[in-house]
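Residue strings, one per chain:
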Amino acid sequence: MMKKVLMLLCSVALLTTVGCGPSKPDAVIAPPYNPDSVASKAMELYDKDGDKKLSADELKACPSMLWSLKSIDTDGDGAISDAEIKARIQGWIDMKVALTCPIVKFQLKNGKVAKDVIGKNVVLTPDPMMGELLKTSDPIAIDDNCQCSPSTPGNQDNLGGMSYGFYNIKIDGTNYSNLGVEIYDGAKSSDMDSFVVELPKKGK
């Protein structure tokens, strides 16, 4: 519960202007997301059969969107349409959050701790569909609880955190591949305070 409160405060604080008087800094600005552009690029990259939808099989090439398939697929047909992608990006915009402070947790598909990733560095890289909107995170080590709190460099006013978006994940020193996550507070289950990324049984 405490982590939820801290993450909410982080997101809210990053929306506000800090300080007072002549030196008052500007409010932190969110990336200029364009739902049409992101959806069009996603279809160009991943819609291999040209049906204007991204199936679960096609999304294996886009693990960050596959991570959110169930929540983005609002009509329940098991695929993500152009309209559903646009709606998701609009959801980011409507949240009016410039940066959020994500906690990314890694675990095996059986729910057990993935001990082989502890101490390994993680980097989150924007999926190509995002264009030039987002930045790659700084490397950060996974702690003893198999968690980390990634942040991008050069944020306004040197604030920590990351912008909403679809990101691919690389864990250094392992063979885990095809990992991704959608950093978006609305993408998490209501009972979760972290973005849970499931790993296959072995990454070495």
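Below is a summary of the structure that appears in this document. The residue numbering used here restarts from 1 in each chain and proceeds along that chain's sequence as written. In keeping with the predicted nature of the model, local features appear solely for residues at pLDDT of at least 70, side-chain atom pairs appear and are counted solely at 80 or more, and the whole-chain, interface and lining totals rest on all residues. As a rule here, side-chain values come from all non-hydrogen atoms in the structure, and water together with hydrogens is ignored.

Turning our attention to the overall build of the chain. Counting its secondary structure elements, the chain contains five helices and nine strands. Under the scheme used here, helices are H or I runs from DSSP no shorter than 4 residues and strands are E runs no shorter than 2 residues, and both carry numbers assigned from the N terminus. Traced from its N-terminal end to its C-terminal end, the chain shows the element sequence α-α-β-α-α-β-α-β-β-β-β-β-β-β. With a 1.4 Å probe rolled over the protein chains alone, any residue whose accessible area is under 20% of its type maximum counts as buried; one over 50% counts as exposed, and the rest are partly exposed. By residue count, 44% of the 204 residues in the chain fall in the buried class. Taking contacts inside the chain between residues at least 6 apart in sequence as the whole, the part at least 24 apart equals 66%. Accessible surface computed for the chain: about 10,500 Å², of which carbon and sulfur atoms make up 55%. Contacts between residues were defined by any pair of non-hydrogen atoms, one from each residue, lying within 4.5 Å. The accessible surface values rely on the Shrake-Rupley method and a 1.4 Å probe; as for residues, cover is taken only from the protein chains in view.

Strand pairing in a sheet is mediated by backbone hydrogen bonds. Such pairs are either parallel or antiparallel. Any two strands with at least two DSSP bridges between them are considered paired. Read across the sheet, four strands follow the order β5-β4-β7-β8 without closing on themselves; strand pairing throughout is antiparallel. Every interior strand has two partners, whereas the edge strands, β5 (140-141) and β8 (179-183), have only one. Pairing analysis gives five bridges linking strand β7 (residues 165-171) to β8, with the strands arranged antiparallel. Its bridge partner lying in β8, G165 is registered against I183. Running at roughly 95 degrees to β7, helix α5 (residues 82-95) makes contact with β7 and β8 of the sheet. Axis geometry follows a simple rule: fit a line to the C-alpha atoms, using only the stretch in contact for helices, then measure angles between N-to-C directions, giving values from 0 to 180 degrees.

In this scheme Phe, Tyr and Trp rings, the latter by its six-membered ring, pair at centre separations within 6.5 Å, and the angle between planes marks the pair as stacked below 30 degrees, edge-to-face above 60, and tilted otherwise. If you walk through the whole model with that rule in mind, you get five aromatic pairs. A centroid spacing of 5.2 Å and a plane angle of 70 degrees characterise the contact between Y33 and W92, whose relative ring orientation is edge-to-face. Pair noted here: Y33 is in the loop between α1 (2-13) and α2 (35-46) and W92 is in helix α5, with a separation of 59 residues, a long-range link. Centre to centre, the rings of W92 and Y184 are 6.5 Å apart; their planes meet at 55 degrees, and the pair counts as tilted. Of this pair, W92 sits in helix α5 while Y184 sits in the loop between β8 and β9 (195-199), and the two are 92 residues apart along the sequence. Across the pair, exposure class does not vary: W92 and Y184 are buried alike. An aromatic cluster of three or more residues is present, and its members are Y33, W92, Y164, F166 and Y184.

Salt bridges are counted wherever a side-chain nitrogen of Lys or Arg sits within 4 Å of a carboxyl oxygen of Asp or Glu. Considering all chains together, one arrives at six salt bridges under this definition. For K53, the salt bridge identified is with D77, shortest N-O distance 2.5 Å. Separated by 24 residues along the polypeptide, K53 in strand β1 (residues 53-55) and D77 in the loop between α4 (69-72) and β2 (79-81) bring together distant segments of the chain. What makes K53 partly exposed here is its relative accessible area of 31%. Between R88 and E182 there is a salt bridge, with the nearest N and O atoms lying 2.8 Å from each other. Within this pair, whereas R88 is found in helix α5, its partner E182 is found in strand β8, the two being separated by 94 residues in sequence. Relative accessible area serves as the criterion here: at 10%, R88 is assigned to the buried category. By relative accessible area, which is 0% here, E182 ends up buried.

When you tally the buried positions in β9, you get four out of five residues, the bulk of the element. Examined bridge by bridge, strand β3 (residues 104-108) and β9 share five bridges and lie parallel to one another. Considered in β9, the bridge of F106 is made with V197.

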